[in-house]
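Letter by letter, the chains look like this.
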Amino acid sequence: MKWKRRIYITSKSGENTAIELDELLDEESGYMRKIVEDIMVHEMTDRQAQIASLYYFGGMNVVEISELLGVNRSTVSRILKAAKECISKNIRHYRAECIHIIDATNTPEVISHISMVYKIHDKPKPKDCKKVYAETSNQYEETIAFIESRIRQLDKQLKLSSLNYLEKKPIRLRKKMLELELIELHRSAYKVGKYID
């Protein structure tokens, strides 16, 4: 049986919102995982963090954790409940900035993403942000150069006299898609570049 790993957030008006964490925490460098890890390190006791880590990231259930640690199931449940409340109470104090770089040369796919997580009152120092933005800008430039070289290759193919109109049509379409992607990448790179100076 698959255990549901979720937390509940209660708004000021008393409304409960359930957040299913299984999918969010499975992302290798997802921002939700970083937030939960930061809460474990800075807000939980060592025992709460240990049990929450086994539960959320280790994929273990209460019975498995109690057997591993040699403690009663009720103790694990109580500590896990406190850890969930800790996450629920603190998660609203975090913000995430995510940048996704997409390669659209064949089939669109994310080639990298950078996510920075911080507490609202601990906004990252400008020098830390500049480093992240500089790395992102470099990735944009590499992706732009790659797409520009791909467009040049397609231009060479279109100049071949051995291709008829029907054979050139998908190449033109592909070139148009890459040109549109290039415009979007330049726009995003420009936005990121403003934060570096």
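Residues numbered from 1 in each chain as written. Predicted model: local features only at pLDDT ≥ 70, side-chain atom pairs only at ≥ 80, totals over all residues. Heavy atoms only, no water.

## Let's talk about the overall build of the protein chain
Then, in step 1: Within the protein chain one finds seven helices and four strands.
Then, in step 2: Sequence-ordered secondary structure for the protein chain, helices as α and strands as β, is β-β-α-α-α-α-α-β-β-α-α.
Then, in step 3: For the protein chain, buried positions account for 37% of its 197 residues.
Then, in step 4: Counting contacts in the protein chain only where the partners sit at least 6 residues apart, residues at least 24 apart contribute 56% of the total.
Then, in step 5: When the accessible area of the protein chain is evaluated, it comes to approximately 12800 Å², of which 53% is carbon and sulfur surface. (Helix = DSSP H or I, 4+ residues; strand = E, 2+ residues; numbered from the N terminus. Buried < 20%, exposed > 50% of the residue type's maximum accessible area, 1.4 Å probe, protein only. Contact = heavy atoms within 4.5 Å. Areas by Shrake-Rupley, 256 points an atom, 1.4 Å probe, with all protein chains shown as cover.)

## Concerning the pattern of salt bridges
Then, in step 1: Counted by the stated rule, this structure contains four salt bridges.
Then, in step 2: Here Arg187 ties to Glu184 by a salt bridge, and the two come within 2.8 Å at their closest N and O atoms. With Arg187 and Glu184 both in helix α7 (residues 165-194) and three residues apart, this pair spans about one turn of that helix.
Then, in step 3: Overall, Arg187 belongs to the partly exposed group, its relative accessible area being 42%.
Then, in step 4: With relative accessibility at 38%, the residue Glu184 sits in the partly exposed group. (Salt bridge = Lys/Arg side-chain N within 4 Å of Asp/Glu carboxyl O.)

## What about the nonpolar core?
Then, in step 1: Of all hydrophobic cores here, the largest spans 23 residues; its most connected members are Ile39, Met40, Met44, Ile65 and Ile87.
Then, in step 2: Those elements giving two or more residues to this core turn out to be α2 (31-43), α3 (46-56), α4 (62-69) and α5 (73-90).
Then, in step 3: Residues within four places of Met44 in sequence aside, it is in contact with Ile39, Ala49, Ala52, Ala83, Cys86 and Ile87.
Then, in step 4: In terms of nonpolar packing, the next biggest core, distinct from the first, is built from 13 residues, Tyr133, Tyr140, Ile144 and Leu178 among them. (Core = buried A, V, L, I, M, F, W, Y, C linked by side-chain atoms within 4.5 Å.)

## Some points on the packing of α4 against α5
Then, in step 1: Contact pair α4 / α5: the axes reach a minimum separation of 9 Å and the direction vectors enclose 115°. One way to sum up the angle between α4 and α5 is to call them roughly perpendicular. Considering only the axes of α4 and α5, their crossing is right-handed. Across the interface between the two elements, Val62, Val63, Ile65 and Ser66 of α4 pack against Arg73, Val76, Ser77 and Leu80 of α5. (Axes fitted to C-alpha atoms, helices over the stretch in contact; angles between N-to-C directions. Parallel < 35°, antiparallel > 145°, perpendicular 65-115°, else oblique. Left-handed = near helix turned anticlockwise from the far one by under 90°.)

## Quick look at the packing of aromatic side chains
For any pair of aromatic rings, the description rests on two quantities: the centre-to-centre distance and the angle between the ring planes.
Then, in step 1: Under the counting rule described, the total for this entry stands at one aromatic pair.
Then, in step 2: Ring geometry for Tyr55 against Tyr56: centres 5.1 Å apart, planes inclined by 80°, an arrangement best described as edge-to-face.
Then, in step 3: Taking the relative accessible area as the measure of exposure, Tyr55 reaches 3% and is therefore buried. (Phe/Tyr/Trp six-rings, centres within 6.5 Å; stacked < 30°, edge-to-face > 60°.)

## Some thoughts on the confidence of the model for the protein chain
In low-pLDDT segments, the atomic positions of the prediction should not be examined closely.
Then, in step 1: Residue-level pLDDT values for the protein chain average 76, and 66% of them are 70 or greater.
Then, in step 2: Within the protein chain, the lowest mean pLDDT, 54, falls on helix α1 (residues 21-26), and the highest, 91, falls on α4. (pLDDT = per-residue confidence, 0-100.)

## Digging into the environment of Gln153
Then, in step 1: Here Gln153 shows up in helix α6 (residues 126-158).
Then, in step 2: Residue Gln153 is classed as partly exposed on the basis of its relative accessible area of 44%.
Then, in step 3: Sequence separation between Gln153 and Lys175 is 22 residues, and the spatial gap between their C-alpha atoms is 9.5 Å.

## Digging into the side chain of Asn61
Then, in step 1: Looking at the secondary structure, you find Asn61 in the loop between α3 and α4.
Then, in step 2: Note on Asn61: relative accessible area 11%, which makes it buried.
Then, in step 3: A distance of 3.1 Å separates the side chain of Asn61 from the backbone nitrogen of Val63, its partner in a polar contact. (Polar contact = N/O pair within 3.5 Å; in protein donor to acceptor, adjacent residues only side chain to side chain.)

## Examining the packing of α3 against α4
Then, in step 1: Following both chains from N to C, one finds α3 and α4 inclined at 130°, their axes separated by 10 Å at the closest point. Taken together, the axis directions place α3 and α4 in an arrangement best described as oblique. Our pair here, α3 against α4, has a crossing hand that is right-handed. On α4, the residues touching Arg47, Gln50, Ile51, Leu54 and Tyr55 of α3 are Ile65, Leu68 and Leu69.
Then, in step 2: Taken together, the residues of the contact of α3 with α4 sort by class into six nonpolar, one polar and one charged. (Nonpolar A, V, L, I, M, F, W, Y, C, P; charged D, E, K, R; others polar.)

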